[in-house]
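# Structural characterization, general
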Amino acid sequence: MKYYTLILLLLIFCHLTGKAQLQAADQQYTDSLNRIINGSTADSLKAVAGFKLTDFWAEHDSTKAVFYLKNARKQSRKYPLLFARSYWFESLIYIEKDYVKAEKLLIRADSLLTKFSTKYVYRLRSMVWHNYALIQQHKDDLKTTLDILINRVLPLSKKAGDKEFTGTEYVSIGTIFTNIGQYDKAAPYLQNGLNALKDASPDKYYLLVNVYISISQNYYHQKNYSQTKKYLDLAKTILDKSDHVRTGYPMAIFWLDYYKSTTRYFINTNQKGLALVDANKAIKLAEELNDNYTLQEIVFEKYRILFEQKKFDQAKKTLLQIVNQPEINTLATNKLKLTESLSEVNYALGNIKEAYQLLKKSKTLSDSLNEGKTKEEINALEIKYKDAENQKKIAHLNAERKQHAVMIEKNKITTLLLVAASFFLLVIIALLYFYFNGYKKLAEQRAINYRQKVADLQQKQQLEISRAMLNAEEKERNRVAQDLHDGLGGMLSGLKINLSNWAKHSEMQLHDVELQRIVNQLDSSVTELRHIARNMMPQTLLKFGLEVALKDLAESAMGNNMHIDFQALNISKNIALEEQIIIYRIVQEILTNILKHARADEVVLQCSENEKHFYITIEDNGTGFDTSTYKKGMGIENIKNRVAYLKGSLEIDSKPGNGTNINIEIPISYE
């Protein structure tokens, strides 16, 4: 198969990352981790054990994986690195089921991990981006796959200082270039991979064997058979050594890859005898490993050798080895190839009828794949078959021909008219069918377009209403804040000054208790008034930007009974002002709700920006609430409306007694 080698490399990478390779039956492993979770150990150790169980169950039972992930994430909230890793483990649950969700989780994990700069984190980030590239490869987007491997994974693996990781990534990139026919580009990456892996320890021999075979395949496609042989021999040397040591990977897989490669090499260098020997070895290994796709490849190679040697009976027997495999029917191209080959060998054996039936079957398969065969080939075989079947009837038909000649002549015109009428009727029926079918589809499409237009208009109208309401609210806030600050604030300040002056002129002592109490009340009133005005339209946002305004908001919301840990990452000052104000209001509304209802003493507020998206995460250790039954209040609705207006997403995770976790993602634009 086209990407067989790439898939093998990806499997090797997963092995290097230390991903749990245990079977579901390994009860001892899961029990030991559960004992840590249920014991009296630290939350960090419980979180690590929970993540390991998430990793284990991701391949076996996604429901259990999600259960362990949620608990481990809660226990890791106090540990930023562990919390960042939680998104990596969550991505493992969805990487083969929901590409879109897995991509978002991987991006989230990388954005949190960028705050750390240890070799361990670089290694973990290289794994994150490697899996992201794997998703693109599954979607057949090899251009993006290469871009990520070259510009993301490779630099991170180098920073991690792990030669095996780096070497494996070089080989992955080179293999993709080989698969898409860019052999010159593949060569330097494969050579760099060899340089990194040439000193691999005996337990890592499989890495060295893989790079030798990959280089030989690149030379093979360039028809440089001398270099192909050189690297195949090097692979054979390491494979022989591996028979006497314990390696970290089943070497039978690489023996199979080696014999498959040597079979093709011997075929192309016209060493058919040696090719048959290695083909038989490859077939035996493929059967032992239950690798039916590789088995099919080698069987077709062996068949071609035997057919060219005119050993038709053995060639047919070889093909029949795979005729009943489910995999041969999975890919229509393989089924077509098998059918054509069986037709070919039956024709060579003189089984004309069977060959004809198989060729007709191949024609049907070919039409379904838009790879039709020429009619001349089928007609020629059909004529041979009919000639063989009807040879005995030729004399009888010749005698009857003269007797029917007159009848045929009389019926000729009638037959032609009937054929023409039938054809004309079929054309009319076909036209009517296509007309009414097209009309029906057109009507359905018009209805869909109409509903879509109505929905778009409603959405546009709702957005305009939201925009008007938010703009009006901000203008009113600004006006009231200005009036309070310049009007009532000035009046109170003037009153304080006048009162002080009056006291002096009246020869009253300013330290008089009652007078001092009145002056202090005026001071407190002015301070509170300015605090209210600042909350209604924060001047720090307009003067210093969103990050400073959010920090100021967090500090002003703190009190004796509640501490707020504000964390900001990569917040740009170029975000559109309207969006900055709305983001500020969202955070303000959430903090207000926490102050009013949560009864929390610890709040973590994280705000970050990454690739034109703004992320808000707020966690508190308050009373929490049931998200399925809580009464909708103005606070939550205001938050939802503002997030919806910016086309963002809002997630609220809360349970009574377990605090609340709010995650918001908002697309942003720049001025």
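Up top is the structure these notes are about.
Residues numbered from 1 in each chain as written. Predicted model: local features only at pLDDT ≥ 70, side-chain atom pairs only at ≥ 80, totals over all residues. Heavy atoms only, no water.

## Here we look at the packing of helix H5 (residues 80-94) against helix H7 (residues 119-138)
Look at H5 against H7: their axes get within 11 Å of each other, and the N-to-C directions meet at 25°. With respect to H7, the element H5 is oriented roughly parallel. Considering the relative orientation of H5 and H7, their crossing is left-handed. The segment H5 lies against H7, with Leu81, Arg85, Trp88 and Leu92 engaging Tyr120, Val121, Leu124, Met127, Val128 and Asn131. Of the residues in the contact of H5 with H7, the class split is 8 nonpolar, 1 polar and 1 charged. (Axes fitted to C-alpha atoms, helices over the stretch in contact; angles between N-to-C directions. Helix = DSSP H or I, 4+ residues; strand = E, 2+ residues; numbered from the N terminus. Parallel < 35°, antiparallel > 145°, perpendicular 65-115°, else oblique. Left-handed = near helix turned anticlockwise from the far one by under 90°. Contact = heavy atoms within 4.5 Å. Nonpolar A, V, L, I, M, F, W, Y, C, P; charged D, E, K, R; others polar.)

## Here we look at the pairing of strand E3 (residues 613-620)
One face of the sheet, then the other: side chains in a regular strand alternate in exactly this way. For E3, the tally of buried residues reaches 7 of 8 residues, placing the bulk of the element in the interior. Here 7 bridges tie strand E2 (residues 602-609) to E3, and the two strands are oriented antiparallel to one another. Its bridge partner lying in E3, Cys607 is registered against Ile616. The turn joining E2 and E3, which pair antiparallel and follow one another in sequence, is formed by 3 residues; a positive phi near 50° is taken by Glu611. One ladder, built from 8 bridges, connects E3 with strand E5 (residues 660-667); its direction is antiparallel. Counterpart to His613 in the pairing with E5 is Pro667. (Buried < 20%, exposed > 50% of the residue type's maximum accessible area, 1.4 Å probe, protein only. Pairing = 2+ DSSP bridges.)

## A short note on the sheet that holds E2
Reading across from one edge, E1-E2-E3-E5-E4 is the order of the 5 strands in this open sheet, with mixed pairing throughout. With one partner strand each, in any of the chains shown, strand E1 (563-569) and strand E4 (649-654) form the two edges of the open sheet. When the angles between neighbouring strand axes are averaged without regard to direction, this sheet yields 10°. The strands touched by helix H24 (residues 546-557) are E1, E2 and E3; relative to E1, the strand with the most contacts, the crossing angle is about 170°.

## Some remarks on the packing of aromatic side chains
Tallied over the full model, the rule gives 19 aromatic pairs. Relative to Phe56, the ring of Tyr29 has its centre 6.0 Å away and its plane inclined at 55°; by these criteria the two rings are tilted. On the criterion of sequence distance, the pair formed by Tyr29 in helix H2 (residues 27-38) and Phe56 in helix H3 (residues 43-57) is long-range, its members being 27 residues apart. What makes Tyr29 partly exposed here is its relative accessible area of 24%. Judged by relative accessible area, which is 1%, Phe56 ranks as buried. One aromatic cluster is present, built from ring pairs that chain together Tyr29, Phe56 and Trp57. Against the face of Trp57 rests Lys64, its NZ or CZ located 4.4 Å from the ring centre. The ring of Trp129 has Arg152 lying over it, and the distance from NZ or CZ to the ring centre is 4.1 Å. (Phe/Tyr/Trp six-rings, centres within 6.5 Å; stacked < 30°, edge-to-face > 60°. Lys NZ or Arg CZ within 6 Å of the ring centre and 35° of its normal.)

## Remarks on the pattern of salt bridges
Scanning the entire structure with this criterion turns up 15 salt bridges. Close ionic contact of Glu611 with Arg152 constitutes a salt bridge, the shortest N to O distance being 3.6 Å. In this pair, Glu611 sits in the loop between E2 and E3 while Arg152 sits in helix H8 (residues 142-160), placing the two residues 459 residues apart along the sequence. A residue is classified by how much of its surface remains accessible, and Glu611, at 53% relative accessible area, is exposed. Note that Lys272 is salt-bridged to Glu308, the shortest N-O span being 2.9 Å. Within this pair, whereas Lys272 is found in helix H14 (residues 272-288), its partner Glu308 is found in helix H15 (residues 292-308), the two being separated by 36 residues in sequence. With a relative accessible area of 46%, Glu308 lands in the partly exposed category. Overlapping salt bridges, with partners in common, bring together Asp257, Lys260, Arg264, Glu297 and Glu301 in one network. (Salt bridge = Lys/Arg side-chain N within 4 Å of Asp/Glu carboxyl O.)

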